[in-house]
Structures are given as structure tokens and as C-alpha cells.
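Examining the three-dimensional arrangement
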Amino acid sequence: QVRLVESGGGSVQAGGSLRLSCAAAGHILQKHYKGWFRQSPGKERELVARIGWSGLTTHYADSVQGRFTIARDNAKGTVDLQMSGLKPEDTGVYYCAVDSQEYHAATTQGDFDLWGQGTRVTVSS
């Protein structure tokens, strides 16, 4: 059983920055797409960013493009989300996710089948 563990959430004022990190306990998962999702109050969970197995392919939601950066370290098995220029609408629970299928280009939320417990991000105005 792969367990994903997120860290780095917290509270910050608008315009501030946070860095989220996710690791799979005992696993590297270097051949797998990874992603970050969030669920904001009153909204459905949505894709924030995803990254391919080499780290060269990334995709961002329009709402975070230019402010957030996803990166992975395949030696450590981690995937990070650097968030800058945070806005109150970025508030929510952020989830790390992995597509368990090797070398599969995950594009939708349904492609990701391994999930962390989530870490809360609160941005105040």
C-alpha cells in the first residue's frame, strides 16, 4: 500500500508564498505522473498542477499559471508545489496524487488513483 504524505500547508497573507511537499513512504514512483489538487470551500476538487515522470512535462490550471510551480525530485521521490502570489481564492485543502500506472500520461483527475490525506492552505486578505 502506497501512502502519500503532504507537508507544508499553513496560513499566509495574500501575496505571500508557501511550499508544499509530498513523499510516498518507502517508494520513489519515478515512472509515474504526479499532481496536486485542491478543494476550496464549497467547490469540487480540481487539478492545480501535474508533472510527468521526467519532470519536463507540466500542466497548470489557468488560475495558478505563472504563480505556482510544480517540480519533482526522482532521487528523493518527492513532488513539490511552490506557491507564490497567493490569493484568498487559493484557500483550500491541497492533495498530492499519483497515477499508479507506469509511463501513463495522466491528464484527468480520474487518472490519479493514489491520494494523500491533504494539507490545508489558508490565505487571508
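Everything below is about the structure shown above.
Presented here is a report on the structure given in the accompanying data block. (Residues numbered from 1 in each chain as written. Predicted model: local features only at pLDDT ≥ 70, side-chain atom pairs only at ≥ 80, totals over all residues. Heavy atoms only, no water.)

Trp36, Leu81, Met83 and Tyr94 are the most contacted members of the largest nonpolar core, which totals 26 residues. Where this core is concerned, the elements lending two or more residues are strand 3 (18-24), strand 5 (46-51), strand 7 (68-73), strand 8 (78-83), strand 9 (92-98) and strand 11 (119-124). Broken down by element, this core gets its largest block of residues, four residues, from strand 3. Beyond its immediate chain neighbours, meaning those up to four positions away, tyrosine 94 contacts Glu6, Leu20, Trp36, Phe37, Arg38, Val48, Phe68, Leu81, Met83, Gly118, Thr119 and Val121. Formed by six residues, the second largest nonpolar core is a distinct cluster that contains Tyr33, Leu47, Ala97 and Ala106. (Core = buried A, V, L, I, M, F, W, Y, C linked by side-chain atoms within 4.5 Å. Buried < 20%, exposed > 50% of the residue type's maximum accessible area, 1.4 Å probe, protein only. Helix = DSSP H or I, 4+ residues; strand = E, 2+ residues; numbered from the N terminus. Contact = heavy atoms within 4.5 Å.)

Next up on the list: the packing of aromatic side chains. This model, assessed by the stated rule, comprises four aromatic pairs. Pairing tyrosine 33 with tryptophan 53 gives two aromatic rings, centres 5.3 Å apart and planes at 70 degrees, and the pair type is edge-to-face. Residue tyrosine 33 is located in the loop between strand 3 and strand 4 (34-39), and its partner tryptophan 53 is located in the loop between strand 5 and strand 6 (58-60); the two are separated by 20 residues in the primary sequence. Given the relative accessible area of 6%, tyrosine 33 is considered buried. Ring centres of tryptophan 53 and tyrosine 103 lie 5.2 Å apart, and the angle between their planes is 90 degrees; on these two criteria the pair is classed as edge-to-face. (Phe/Tyr/Trp six-rings, centres within 6.5 Å; stacked < 30°, edge-to-face > 60°.)

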